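# Observations on the model geometry
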Amino acid sequence: LWKERFALLEAVGFNEDVRQERLNELLAYKEANGDCRVPAEYEKNKKLGNWVGKMRKLHKNNDMKAHPVLWKERFAQLEAVGFEWVLKRGRAARQPSKQK
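Here the structure is a predicted model, which means the values were calculated and not measured. (Residues numbered from 1 in each chain as written. Predicted model: local features only at pLDDT ≥ 70, side-chain atom pairs only at ≥ 80, totals over all residues. Heavy atoms only, no water.)

## Digging into the nonpolar core
In this structure, Leu26, Val38, Leu48, Met55, Leu78 and Phe83 are the most contacted members of the largest nonpolar core, which totals 17 residues. Sorting elements by how many residues they give to this core places helix α3 (residues 46-61) first, with five residues. (Core = buried A, V, L, I, M, F, W, Y, C linked by side-chain atoms within 4.5 Å. Buried < 20%, exposed > 50% of the residue type's maximum accessible area, 1.4 Å probe, protein only. Helix = DSSP H or I, 4+ residues; strand = E, 2+ residues; numbered from the N terminus.)

## Quick look at the side chain of arginine 22
Assignment of secondary structure puts arginine 22 in helix α2 (residues 16-33). In contact with arginine 22, not counting residues within four places along its chain, are Lys47, Leu48 and Trp51. (Contact = heavy atoms within 4.5 Å.)

## Looking at the packing of aromatic side chains
Throughout the structure, instances matching the rule amount to three aromatic pairs. Here the aromatic rings of phenylalanine 75 and tryptophan 85 are separated by 5.0 Å at their centres, their planes lie at 75 degrees, and the arrangement is edge-to-face. Of this pair, phenylalanine 75 sits in helix α4 (residues 68-80) while tryptophan 85 is found in the segment after α4, placing the two residues 10 residues apart along the sequence. A centroid spacing of 4.8 Å and a plane angle of 80 degrees characterise the contact between phenylalanine 83 and tryptophan 85, whose relative ring orientation is edge-to-face. Accessibility assignment for this pair places phenylalanine 83 and tryptophan 85 in one class, buried. (Phe/Tyr/Trp six-rings, centres within 6.5 Å; stacked < 30°, edge-to-face > 60°.)

## Quick notes on α4
Each full turn of the α-helix corresponds to 3.6 residues, which orients residues three or four apart in the same direction. The terminal C-alpha atoms of α4 lie 18 Å apart, and with 13 residues this matches the ideal 18 Å at 1.5 Å per residue to within 8%. Taken together, the buried positions of α4 are Trp71, Arg74, Phe75 and Leu78. Buried residues along α4 cover an arc of 95 degrees about the axis, so they all sit on one side. The outward face of α4, more than 90 degrees from its buried face, is lined by the exposed residues Val69, Lys72, Glu73 and Ala80. (Expected span 1.5 Å × (residues − 1). Arc of directions from axis to C-beta.)

## What to know about the pattern of salt bridges
Any two side chains of opposite charge can pair, on the condition that their charged atoms come close. Enumeration over the complete set of coordinates arrives at four salt bridges. Glutamate 84 serves as the salt-bridge partner of arginine 37, at 2.3 Å between the closest nitrogen and oxygen. Placement of the pair is arginine 37 in the loop between α2 and α3 and glutamate 84 in the segment after α4, with a sequence separation of 47 residues. Residue arginine 37 is classed as buried on the basis of its relative accessible area of 10%. The residue glutamate 43 makes a salt bridge to lysine 46 at a minimum N-O spacing of 3.6 Å. The pair glutamate 43 / lysine 46 is uniform in exposure class, with both members exposed. The structure contains a network of salt bridges with shared partners spanning Glu21, Arg22 and Glu25. (Salt bridge = Lys/Arg side-chain N within 4 Å of Asp/Glu carboxyl O.)

Written out as structure tokens, the structure reads:
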């Protein structure tokens, strides 16, 4: 039972090492693209795309009942770097343009 619960927590980004790795990847994306509008289907880094998709879904569904203080801190950290919770239709799936 604990293994199942731990796996569920990790699946939504609860693993601290994985979360920090994805946050670093998000910051690298921002530096390269000028924003944090990572599409959920981001081909260059599928793990990052999946993670931002999960974060947006958790935020949208207000699905942080287990550890609300921890999630508020995580959401605030994402917002502090310019993360966007809602992408307008068509923008979420687009690949970022290369800046020259």
